[in-house]
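What the coordinates show
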Amino acid sequence: MTFTIATWNINSVRLREGLVQRLLAEEAPDILCLQECKSPVEKIPVEQFRALGYTHMVARGQKGYNGVAILSKLPLRDAGDRDFATLGHARHVAAELENGVTIHNFYVPAGGDIPDREANVKFGQKLDFLTDMTRFFQVERPHKAILVGDLNIAPREDDVWNHKQMMRIVSHTPVEVEHLEQVRESGRWVDVTRQDIPDGRLYSWWSYRSPDWDAADKGRRLDHIWATPDIVSAGHESRVLRAARGWQQPSDHAPVFATFDL
């Protein structure tokens, strides 16, 4: 069984329904994991996606904020969710394919602007969320699993446009990178994207604040695809669809893809 999975922070699935349809029509991943859907589940425009062959969906949502969804051409069953750090946010959902592969879709909190939990509650919530992820995967040791999503951390020096400058900016601070590494180690997760593209700068997010994001290219790799060791060797053809950041009224994130032979 060969399938392609994509992850994309869509920044409102209803506002950018047309962009989701374009991605599904032009790129045709078998599975698309969306974050920051900003919609109750019942208001996600599923009929338009079903018309393109995505007849299966597992999702968690809330009005105006957060929200995660897994759209699939392949049959899957709802494998639950967890309220990490007890925030009451729709930031995680899991689904299981018929071949037994479990997909975890995450939207980790962004963490605000100040990298100090005493001065910024949101930063503390982000670290607590990551700590809870670590504890979860230490207990529920994952196997035959894929973890995707907007993890809101660019861990490597070449995952940001300027390592020294970004070390003081939320998403690339040493404490965040350390927390993300603890999550990775807890599930023995392997970064599939960097397994396939080991060298060079690689980004999946460019700020709306940049007047010319493409020319400035001050990006960060915030969106990830990981896999457990028992299936990571089946992953290949990783890529970032940078062009999607330039579509009309785009998300500030670009989709990330990987293909698995399982």
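This is a predicted model, so every value here is computed, not measured.

A separate point is the state of the cysteines. A complete count under the given rule lists zero disulfides for this structure. Cys33 carries a free sulfur, and the closest cysteine sulfur to it, the one in Cys37, is 10 Å from it. With relative accessibility at 0%, the residue Cys33 sits in the buried group.

Glancing now at the pairing of strand E7 (residues 102–107). For E7, the tally of buried residues reaches six of six residues, placing the bulk of the element in the interior. Of the two faces of E7, the one lined by Thr102, His104 and Phe106 and the one lined by Ile103, Asn105 and Tyr107 are each fully buried. As consecutive antiparallel partners, strand E6 (residues 92–97) and E7 are separated by four residues, and within that stretch Gly100 has a phi angle of approximately 90°, a positive value. In this sheet, strand E8 (residues 145–150) lies alongside E7 in parallel orientation, the contact comprising six bridges. Residue Thr102 lies in a different strand from E8, and its bridge partner there is Ala145. Taking the sense of rotation as the criterion, the β-α-β connection linking E7, helix H3 (residues 121–139) and E8 turns out right-handed.

The next subject is the nonpolar core. The biggest cluster of nonpolar side chains holds 31 residues, and the ones touching the most others in it are Ile5, Ile31, Ile70, Leu97, Ile146, Ile225 and Phe260. Secondary-structure elements contributing two or more residues to this core are strand E1 (2–9), strand E2 (31–35), strand E4 (68–72), E6, E7, E8, strand E12 (223–227) and strand E14 (256–261). In terms of nonpolar packing, the next biggest core, distinct from the first, is built from 22 residues, Leu32, Leu71, Ala244 and Trp247 among them.

Conventions used here
Residues numbered from 1 in each chain as written. Predicted model: local features only at pLDDT ≥ 70, side-chain atom pairs only at ≥ 80, totals over all residues. Heavy atoms only, no water. Disulfide = S-S within 2.5 Å. Buried < 20%, exposed > 50% of the residue type's maximum accessible area, 1.4 Å probe, protein only. Helix = DSSP H or I, 4+ residues; strand = E, 2+ residues; numbered from the N terminus. Pairing = 2+ DSSP bridges. Right-handed = clockwise from strand over helix to strand, strands pointing away. Core = buried A, V, L, I, M, F, W, Y, C linked by side-chain atoms within 4.5 Å.

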